[in-house]
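# Close look at the chain arrangement
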Amino acid sequence: MEIIDNRALLLKVRDPNRITAVIPKSKIIEDDGEVAKVLVNWDLEEAIVLRNLRIKDVPSPINANYKWPGLFKPFDHQKTTSSFLTMHKRSFCFNEQGTGKTASVIWAADYLLSKRIIKRVLVICPLSIMESAWRNDLFRFAMHRKVDVAYGKPEKRREVIASDAEFVVINYDGVEIVASDIMAGGFDLIVIDEANAYKNPTTKRWKVLNNLIKANTWLWMLTGTPASQSPVDAYGLAKLVNPEGVPRFFGGFRDQVMHKISQFKWVPKLDSELVVHRALQPAIRFTKEQCLDLPEMTYVTRDVPLTAQQEKYYELLRKRLIVQAAGEEITTVNAAANLNKLLQLSGGAVYSDTGEVVEFDASNRLAVLREVVEESSHKVLVFVPYRHAIEVVAEDLRKHGYPTAVIHGDVSAGKRSEIFDRFQTKDDLRVLVIQPQAASHGVTLHAANTIVYWSPVMSVETYLQCNARVHRAGQKNPSVVVHLQGSGVEKRMYSMLANKVDIHNRIIRSEEHTSELQSRQYL
């Protein structure tokens, strides 16, 4: 196959009539009876028809005339991903976390919009990445498009859906609230990020989405870890994208991939991976190892709304501290203590004045942490600055089936070495929850390639040293650092860490410590 002037494709085929019969903009330019040369207009419609005729390696015309807008140039694997998506109306993108698949999707969708193949895009994703990932990335890579987030009260969601926004971002559970509005909203491309949320076809969430998908709807489903818990998890995803590739009923698929060994116990069959692979097609996947042009470490922010309980007490504490700052001199000790209280509350557990631990509802943050662990292709380090929150995090991860160990100041040196060695060399430990001060120096933990900060740390040195546990000699995979943030003080601190400002030193410098600093800058 040859590309002619970025306008046409020159094919050599044995049966040219099967092409010219279905593609009006094509013609036979040479035929010796054995092999014919056919010239085909190179546009998306013709390219898709050629692919459907099983012509191999048909390139998407996005590679010819698309300008790839935005603040950054695409990596090669991102161009390949965008090209694949434009050629497949229903498809999966299984690129690993940290490979930039959000940008690939945005470029592919923007190309379809520019060609008037689609008119509107609905992005359905976790609440935690509506702003930090999708709105922000849409600004970076498609700032010429109108974008809005459908979140809040039902009236607000309906207003956004009825607007002229070309990209609308909504969270999973918001879809059901305004399903009828979405149905009438003219969305002809639906993007599902972290698609494992739709693995179970018996849920209301799955059924609502299935009703929204019509014959002419484009559907792209994104996840870096398809069917990671069990082969049967592929069924719900396949029923949406490739329903002909799986049995009509779940029981039939389960019998294909699982073997029943007792009344309540099933185990995967030897060929279950092959069956799942066939079901989850068409699909594209790039691992971080394959993306040779990726930076060695990327940084991701996940917005985690405080729960109602946290929000209530955070505001009470914040207002009290502002009044305190306005009414009296704040000592260095009090400044750090006040900041710590807000951070502790944001993380879900606070020391009272009597030294008792008061736990707050941190269910939103725990749910997002599980999403990150689920999406990670390798092991995960979770840095939790406050001792009293470590067990809360570890217990929740264990409860949801993630083998987890804990490192903090009370763990003996011998026990730490044992845990570190097990994490590095054994497959039975998925997550390590660490108090930063207990493992920020000298330890190699590059069996992980994902770092999660439950809350920000106070010192740039500690932050850099924690990241160095993974990003060091022997690491074979590009790494991802994920910041969880929900309160104003956390957002401020992560911003300062990004700019290499040592928060602790900033606070304790008495000449900079004023009531204005305390009440305005950090709260």
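Just above, that's the structure.
One structure accompanies this document, and this report is about it. As the structure is a prediction and not an experimental result, all values here were calculated from the model. (Residues numbered from 1 in each chain as written. Predicted model: local features only at pLDDT ≥ 70, side-chain atom pairs only at ≥ 80, totals over all residues. Heavy atoms only, no water.)

### Some details on the sheet that holds strand E10 (residues 218–222)
Stated formally: Strand pairing requires that DSSP identify at least two bridges connecting the strands. Strands here are runs of E lasting at least two residues and helices are runs of H or I lasting at least four, both read from the DSSP assignment and numbered beginning at the N terminus.
The 7 strands are arranged E7-E8-E6-E9-E10-E5-E13 in an open sheet whose pairing can be described as parallel. Edge positions in the open sheet fall to strand E7 (147–149) and strand E13 (283–284), since each of these has one partner strand only. In this structure, strand E5 (residues 90–93) lies alongside E10, joined through 4 bridges in parallel fashion. If you follow Cys93 over to E10, its bridge partner there is Leu222.

### Regarding the nonpolar core
Going by this rule: Side-chain atoms within 4.5 Å are what join buried Ala, Val, Leu, Ile, Met, Phe, Trp, Tyr and Cys residues into a set we call a nonpolar core. Burial classification: accessible surface area is computed with a 1.4 Å probe over protein chains only, and a residue below 20% of its type maximum counts as buried, one above 50% as exposed, and the rest as partly exposed. A contact between two residues is defined here by any heavy atoms of the two lying within 4.5 Å.
Core analysis: the biggest nonpolar cluster contains 52 residues, and Leu50, Val121, Trp134, Val191 and Trp220 have the highest contact counts within it. Ignoring anything within four residues of it in the chain, the contact list for Val121 reads Ala109, Leu113, Glu166, Phe167, Val168, Phe187, Leu189 and Val191. Core analysis: the next-biggest nonpolar cluster, separate from the first, contains 43 residues, Val160, Leu240, Ala279 and Leu280 among them.

### Concerning the environment of His77
With respect to the element layout, His77 can be found in helix H4 (residues 76–86). Residues His77 and Tyr351, spaced 274 residues apart in sequence, show a C-alpha to C-alpha distance of 48 Å.

### Let's talk about the pairing of E10
Test applied: Here is how to tell: hold the view so the strands point away, follow the path from the first strand over the helix to the second, and if it runs clockwise the crossover is right-handed.
For E10, the buried fraction is high: 5 of the 5 residues fall into the buried class. Going residue by residue along E10, you find Trp218, Trp220 and Leu222 tucked away on one face and Leu219 and Met221 tucked away on the opposite face as well. Note: strand E9 (residues 189–192) against E10, 4 bridges, orientation parallel. Paired with Leu189 across the bridge in E10 is Trp218. You can see the chain leave E9, run along helix H10 (residues 204–212) and come back into E10, and the turn it takes is right-handed.

### Quick word on the pairing of E9
Neither face of E9 is left uncovered, since the one carrying Leu189 and Val191 and the one carrying Ile190 and Ile192 both have all their residues buried. Both strand E6 (residues 121–125) and E9 contribute to a ladder of 4 bridges, which runs parallel. Its bridge partner being in E9, Val123 is matched across the sheet by Val191.

### What about the layout of surface pockets?
Rule in force here: Only protein atoms enter the 1 Å grid used here, on which a cavity is any set of points holding a 1.4 Å probe that cannot leave and a pocket is any open set flanked by protein within 12 Å on both sides along at least five of seven lines; residues with an atom within 4 Å of a point are listed as lining. Grid points are joined across faces, edges and corners, and a volume is the space filled by probe spheres set on the points. Throughout, the ten residues Ala, Val, Leu, Ile, Met, Phe, Trp, Tyr, Cys and Pro are labelled nonpolar, Asp, Glu, Lys and Arg are labelled charged, and all others, Gly among them, are labelled polar.
Within this model, the largest pocket holds a volume of roughly 1,200 Å³. Every residue lining the largest pocket is counted, 40 residues in all, and those nearest its centre are Asp137, Arg140, Thr298, Tyr299 and Val300. Of all the elements in the fold, those that place two or more residues in the lining of the largest pocket are helix H5 (101–114), helix H6 (130–141), strand E14 (297–303), helix H19 (460–468), strand E21 (479–485) and helix H20 (488–498). Among the elements that make up the lining of the largest pocket, the one with the highest residue count is H6 (6 residues). Grouping the amino acids of the lining of the largest pocket by side-chain chemistry returns 16 nonpolar, 13 polar and 11 charged.

### Side note on the pattern of salt bridges
Stated precisely, the cut-off is as follows: Here, a salt bridge means any Lys or Arg side-chain nitrogen found within 4 Å of an Asp or Glu carboxyl oxygen.
This model, assessed by the stated rule, comprises 20 salt bridges. Across the pair Arg302 and Glu194 runs a salt bridge, and its minimum N-O distance is 3.2 Å. Of this pair, Arg302 sits in strand E14 while Glu194 sits in the loop between E9 and H10, and the two are 108 residues apart along the sequence. Arg302 sits in the buried class, given a relative accessible area of 3%. Asp233 is the salt-bridge partner of Lys199, the closest N and O atoms lying 3.7 Å from each other. Taken together, the residues span a long stretch of sequence, with Lys199 in the loop between E9 and H10 and Asp233 in the loop between E10 and helix H11 (234–241) at a distance of 34 residues. What emerges from the salt-bridge pattern is a single network uniting Asp110, Arg145 and Glu166.

### Some thoughts on a nonpolar patch on the surface
Which entries qualify depends on this criterion: Patch membership requires over 30% relative accessible area and the absence of a salt bridge. Like charges are linked within 9 Å, and nonpolar side chains (Val, Leu, Ile, Met, Phe, Trp, Tyr) within 5 Å. With residues, only the protein chains shown are counted as cover, and all accessible areas are computed by Shrake-Rupley using a 1.4 Å probe.
A surface patch of nonpolar side chains, about 440 Å² in accessible area, is lined by Leu71, Phe72, Phe139 and Met143. Counting through the fold element by element, Phe139 comes out in helix H6. Relative accessible area serves as the criterion here: at 52%, Phe139 is assigned to the exposed category.

### Regarding the sheet that holds strand E20 (residues 448–453)
The following threshold applies: Helix axes use the C-alpha atoms of the stretch in contact, all axes being lines fitted to C-alpha atoms, and the angles between their N-to-C directions lie in the range 0 to 180 degrees.
Strands sit in the order E14-E21-E20-E17-E19-E18 across an open sheet of 6 strands; the sheet is parallel. Each edge of the open sheet carries a strand with a single partner, namely E14 and strand E18 (404–407). Neighbour-to-neighbour, the strand axes of the sheet open up by a mean angle of 20°, direction not taken into account. Pairing geometry for E14 and E21, over 7 bridges, is parallel. Of the residues in E21, the one forming a bridge with Met297 is Ser479.

### Digging into unusual backbone geometry
A cis amide bond, omega -5°, links Gln281 with the succeeding residue Pro282. At Asp57, a position not held by glycine, the phi torsion is positive, near 60°. Position of Asp57 relative to the elements: it lies in the loop between helix H2 (44–52) and helix H3 (62–65).

### A few points about a negative patch on the surface
Counted only if it meets this: Neither His nor the chain termini are counted; the positive set is Lys and Arg, and the negative set is Asp and Glu. To locate a charge, the coordinates of NZ of Lys, CZ of Arg, CG of Asp or CD of Glu are taken.
Negative charge collects at one region of the surface, where Glu30, Asp31, Asp32 and Glu34 lie side by side. Of the residues examined, Glu30 reaches a relative accessible area of 42% and is grouped as partly exposed.

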